[in-house]
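# Secondary and tertiary structure notes
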Amino acid sequence: MATVVVTQNSPRAWDHSLCGCFDDCGACLLACCLPCVAYGMNASDSGVCGDGCCGTICGCLLFFVPLVNFICWCSIRSNIRRQHNIPPDCCNDCCAILCCPCCALAQERMQCTKPQPNVQVVVQQPVNVQPTGY
């Protein structure tokens with residue numbers, strides 16, 4: 001019979017700093033030139049607006065609604081933090097969104113393209129040892 005072991009990874013930091021938006025030029029260009037698309041993709045990937053194209057389109061539209069976009073954006077960053085086991089920090093998230101929105105979008109976009117290391121599942125198979133020398 002196989003045994004399943006589930007472990008949680010330890011808390012970690014963002015894979016890219018807030019000012020590390022040039023680590024991925026594509027994410028940086030998307031965040032600066034088409035922020036509504038980056039916002040929609042992040043909303044979809046984080047689960048705030050559903051999955052796939054519908055979630056991305058919904059996120060794009062929310063980007064243009066004042067105050068609602070800020071509330072959703074905080075939720076997006078919170079969900080990304082949870083999915084990637086990054087400790088919550090509402091104050092820094094608000095500052096990033098308000099002071100450097102393009103950098104925040106690029107950081108989120110780069111984080112969303114990484115695999116989610118939240119849970120590691122290991123399946124251990126039993127080992128049958130055959131006696132030898134009899």
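Look a little higher up for the structure.
Thresholds, definitions, all that
- Residues numbered from 1 in each chain as written.
- Predicted model: local features only at pLDDT ≥ 70, side-chain atom pairs only at ≥ 80, totals over all residues.
- Heavy atoms only, no water.
- Salt bridge = Lys/Arg side-chain N within 4 Å of Asp/Glu carboxyl O.
- Helix = DSSP H or I, 4+ residues; strand = E, 2+ residues; numbered from the N terminus.
- Buried < 20%, exposed > 50% of the residue type's maximum accessible area, 1.4 Å probe, protein only.
- Arc of directions from axis to C-beta.
- Contact = heavy atoms within 4.5 Å.
- Polar contact = N/O pair within 3.5 Å; in protein donor to acceptor, adjacent residues only side chain to side chain.
- Core = buried A, V, L, I, M, F, W, Y, C linked by side-chain atoms within 4.5 Å.

## A look at the pattern of salt bridges
Evaluated as defined, the whole model comprises 5 salt bridges. The partner of Arg109 in a salt bridge is Asp45, and the shortest N-O contact between them spans 2.6 Å. Placement of Arg109 in helix 6 (residues 101-112) and of Asp45 in helix 2 (residues 35-46) is noted, with a sequence separation of 64 residues between them. Looking at Arg109, the relative accessible area reads 9%, which means it is buried. Its relative accessible area of 35% is what places Asp45 among the partly exposed residues. Put simply, Asp93 and Arg81 hold a salt bridge, and the shortest N to O gap is 2.9 Å. On the criterion of sequence distance, the pair formed by Asp93 in helix 5 (residues 90-99) and Arg81 in helix 4 (residues 68-83) is long-range, its members being 12 residues apart.

## Thoughts on helix 1 (residues 25-33)
Looking only at helix 1, the buried set comprises Ala27, Cys28, Leu30 and Ala31. All buried residues of helix 1 lie within an arc of 165 degrees about the axis, which places them on one face of the element. Exposed residues lying more than 90 degrees from the buried face of helix 1 are Leu29 and Cys33. Of the surrounding secondary structure, the elements contacted by the buried residues of helix 1 are helix 2 and helix 6. The N-capping residue of helix 1, defined by a side-chain oxygen 3.1 Å from the backbone nitrogen of Gly26, is Asp24.

## Quick word on helix 3 (residues 52-62)
The α-helix advances 3.6 residues per turn, and as a result positions three or four apart in sequence lie on the same side. For helix 3, the set of buried residues is Gly55, Thr56, Gly59, Cys60 and Leu62. Buried residues along helix 3 cover an arc of 160 degrees about the axis, so they all sit on one side. Seen from the open side of helix 3, the exposed residues pointing more than 90 degrees away from its buried face are Cys53, Cys54, Ile57 and Leu61. Of the surrounding elements, those touching the buried residues of helix 3 are helix 2 and helix 4.

## Quick word on the nonpolar core
Within the largest apolar cluster, 26 residues are counted, with the highest numbers of intra-cluster contacts made by Tyr39, Trp73 and Leu105. With 6 residues, the single largest contributor to this core is helix 6. Those residues in contact with Tyr39 that sit more than four places away from it in its chain are Gly59, Leu62, Phe63, Val68, Asn69, Cys72, Trp73, Ile76 and Leu105.

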